[in-house]
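A look at the structure
Residues per chain, in single letters:
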Amino acid sequence: MSSEYGSVTDTTTPTCATIKRTPSRASVSSTYSTRKRRRVSVASLDLGQDLARPLVPETPIEEINGDRFVTVRTSTSLPLNITPRTNRIAKAFGLLDDRVLSPTNSPSLFSDRCFRSLLRRSASELFSTSRAASLLSAKANLGARNHFVLALDGPGMSTDLFTSPLAWSHANCIGVAFKYDVYFQNLESRAVVHLCRSSLSDGAVHSIDWGGKAKPHLLALGTTVGDVRVMDAEKRMQLVDWVDGCHGMGGMHWNGDVLAVGRTGGNVTLFDIRMRAEIAKIIGHKRRVHGVKWSVDGHHLATGDDSGIVHIWDHRASDVLTNGDKNIRMKHKGPVKALSWSPWQHGLLATGGGSPDGEIHIWNTGKMVPSSGPMHTIPLQTTITSLHWSHHCKELLSTHGSSWAVPQSNVHPVAHASAVGVENSLAVHSYPSCQRIVNVKAHSAPVGHSCMAPDGCSVFTVSPKEETIKMFRVWSAPDDQEKNEGSDMTLRSTIR
């Protein structure tokens, strides 16, 4: 080819300067393939001179990293050929926004430290599990339903909010005291049984409580004059009658074969079902004992009286831990009836005060020191009538009576916010944040008392002025998630 082209002579003068021919793709290396090429019109062409020159451009062409749609991209922008799903994820992580296609004068500054911080925060939010979203929580059960699942008539009940006229047995029977009469209903068969009737001389029934798992058919009842009886609900007969005409009745609670009974004089009497007389007497209170509650392991007994004093009694050592020279004070500014021991943390006790206290105190009784206060305080400015710790999650349920006005200058904004809307209601608080996660208006009148189901999922509440007993599904157990819907459907009937 060179010999043929060499014989060609330049006989004509071109009308314009010779323009370099764009090299073909076969003869150009890959490094020049991405460069932009100029389109020119060629008037004449000297092939010999073009082939003699090396295939190197006279003026180097600079590579441009820009895009014709986006004038200047940030260093963290994603390619434009992504899927819509990837686009949404990128926007959620802060890697892409709606301004990517908007022209800007200068690139936005986005440091690597800020970028890593965004990734870390977004990943923590993505993989973190919220406690409120748990299927066991009251927010997923009571909060979603926000309504009772069973209603019973309660005519003729005592209007005294310090009575305990309601109890739920391990045999799934609900016992109710109507002044002088005691009834119970089997929630499976729906059969209603009249168990016994108290005489006028013995007084009205003040408190009742079912036996534990070992004796689920035993029902203890105490009258206003101080008479304590134990009935066998299965055989419908009286087993024991402990008569004490000198001291009135307060709260009561079983611990195996031992029954603890609060008295109006301030004492707490212990009875054994196998004995015909009292076995011990705990001295420490000076006013009527409204609240009586054994710990889950049965080693400690918590009691609360009308003056707001709370005492802890060690059953094994037969000693009061909060009395004498120990100088340990557990006190509210109002009467204490509501007591509850935590089933999942040893020594964790919740106490609730009535008017004018209206606060929930949470104590760690295993680490009590002189002059120590509660671990947490939940101010509600509402009478607290009962407390229940959840068996399946770290939540605390409280029932409430009437509220009272508190001067706004004396109330902290956080405390005022917690007190809003809990009158005559059923509230659930998370632990240890103590934030209220569910609040349901249970009755149109004060809630006098409540009791928890043996499975720890449901609660019965009673309002004597409304004369109504209601059942609420508050929590779910880990092993019954699949049968919740069926069980709720069987209880959605109202008995009037």
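Small disclaimer: the values here were computed from a predicted structure and weren't measured.

This part is about the overall build of the protein chain. A tally of regular secondary structure across the protein chain gives seven helices and 29 strands. Looking at the protein chain as a whole, 45% of its 496 residues are labelled buried. When contacts within the protein chain are restricted to residue pairs at least 6 apart in sequence, those whose partners lie at least 24 apart make up 49%. Element-wise, carbon and sulfur atoms account for 53% of the exposed surface of the protein chain, whose accessible area totals about 26,900 Å².

This part is about the environment of Lys 286. Along the chain, Lys 286 falls in the loop between strand S13 (278–282) and strand S14 (289–294). Residue class for Lys 286 comes out exposed when judged on its relative accessible area of 77%. Taking the C-alpha atoms as reference points, Lys 286 and Ile 309, 23 residues apart in sequence, are found 9.1 Å from one another. Every residue in contact with Lys 286, bar those within four places of it in the chain, is listed here: Gly 265, Gly 266 and Asp 305.

Attention now goes to the packing of aromatic side chains. Under the definition given, this model contains nine aromatic pairs. Measuring from centroid to centroid gives 4.5 Å for Trp 242 and Phe 271, while their planes differ by 15 degrees, and the two rings are stacked. Remark: Phe 271 occurs in strand S12 (residues 268–272) and Trp 242 occurs in strand S9 (residues 237–242); sequence separation between them is 29 residues. The class of Phe 271 is buried, set by a relative accessible area of 4%.

On to the environment of Glu 423. Locating Glu 423 in the fold gives a position in the loop between helix H6 (413–418) and strand S24 (425–430). Overall, the relative accessible area of 33% leaves Glu 423 in the partly exposed class. In this structure, the C-alpha to C-alpha distance between Glu 423 and His 443, residues 20 residues apart in sequence, is 9.2 Å. For Glu 423, the contacting residues outside a window of four places in its chain are Thr 382, Gly 401, Ser 402, Ser 403 and Lys 441.

The next thing to look at is the pattern of salt bridges. Inspection of the entire model under this criterion finds eight salt bridges. Lys 215 is paired through a salt bridge with Asp 257; the nearest N and O atoms lie 2.7 Å apart. One end of the pair, Lys 215, is in the loop between strand S6 (205–210) and strand S7 (218–223); the other, Asp 257, is in the loop between strand S10 (249–255) and strand S11 (258–263), and 42 residues separate them in sequence. Within the structure, one salt-bridge network assembled from shared partners comprises Lys 215, Asp 257, Asp 272 and Arg 274.

This part takes up unusual backbone geometry. Cis peptide bonds are those with omega within 30 degrees of zero, and the linkage from Ser 355 to Pro 356 qualifies with 5 degrees. Mapped onto the elements, Pro 356 comes out in the loop between strand S19 (348–353) and strand S20 (359–364). Between Tyr 431 and Pro 432 the backbone carries a cis peptide bond, its omega angle lying at 10 degrees. Relative to the helices and strands, Pro 432 resides in the loop between S24 and strand S25 (436–441). The residue Arg 236 is not glycine, and still its phi comes out positive at about 55 degrees. Residue Arg 236 is classed as exposed on the basis of its relative accessible area, which comes to 53%. Phi at Cys 434 is positive, roughly 60 degrees, even though this residue is not glycine.

To continue, consider the side chain of Ser 476. Structurally, Ser 476 is set in the loop between strand S28 (468–473) and helix H7 (484–491). Taking the relative accessible area as the measure of exposure, Ser 476 reaches 0% and is therefore buried. There is a polar contact of 2.4 Å between the side chain of Ser 476 and the side chain of Asn 141.

As summarised here, the arrangement of the four strands in space is S2-S3-S4-S5, forming an open sheet in which the pairing is antiparallel. The sheet is open, and its two edges are formed by strand S2 (166–168) and strand S5 (192–197), each paired on a single side. The sheet shows a mean angle of 20 degrees between the axes of neighbouring strands, direction not considered. Strand direction decides the pairing type here: strand S4 (residues 181–186) and S5, joined by five bridges, are antiparallel. Across the sheet, the residue bridging to Asp 181 is Arg 197, located in S5.

Along the chain, Cys 451 turns up in strand S26 (residues 449–452). Counting along the chain gives 20 residues from Cys 451 to Met 471, while the straight-line C-alpha distance between them is 9.6 Å. Excluding anything up to four places from it in sequence, Cys 451 contacts Leu 166, Ala 167, Trp 168, Ile 174, His 388, Ser 458, Val 459 and Phe 460.

Let's shift gears to the sheet that holds S9. The strand order S6-S7-S8-S9 describes an open sheet built from four strands, whose pairing is antiparallel. With one partner strand each, in any of the chains shown, S6 and S9 form the two edges of the open sheet. Averaged over all pairs of adjacent strands, the angle between strand axes in this sheet comes to 20 degrees, irrespective of strand direction. Where S7 lies against strand S8 (residues 228–232), five bridges are found, and the strand directions are antiparallel. If you follow Gly 222 over to S8, its bridge partner there is Val 228.

Criteria and thresholds
- Residues numbered from 1 in each chain as written.
- Predicted model: local features only at pLDDT ≥ 70, side-chain atom pairs only at ≥ 80, totals over all residues.
- Heavy atoms only, no water.
- Helix = DSSP H or I, 4+ residues; strand = E, 2+ residues; numbered from the N terminus.
- Buried < 20%, exposed > 50% of the residue type's maximum accessible area, 1.4 Å probe, protein only.
- Contact = heavy atoms within 4.5 Å.
- Areas by Shrake-Rupley, 256 points an atom, 1.4 Å probe, with all protein chains shown as cover.
- Phe/Tyr/Trp six-rings, centres within 6.5 Å; stacked < 30°, edge-to-face > 60°.
- Salt bridge = Lys/Arg side-chain N within 4 Å of Asp/Glu carboxyl O.
- Polar contact = N/O pair within 3.5 Å; in protein donor to acceptor, adjacent residues only side chain to side chain.
- Pairing = 2+ DSSP bridges.
- Axes fitted to C-alpha atoms, helices over the stretch in contact; angles between N-to-C directions.

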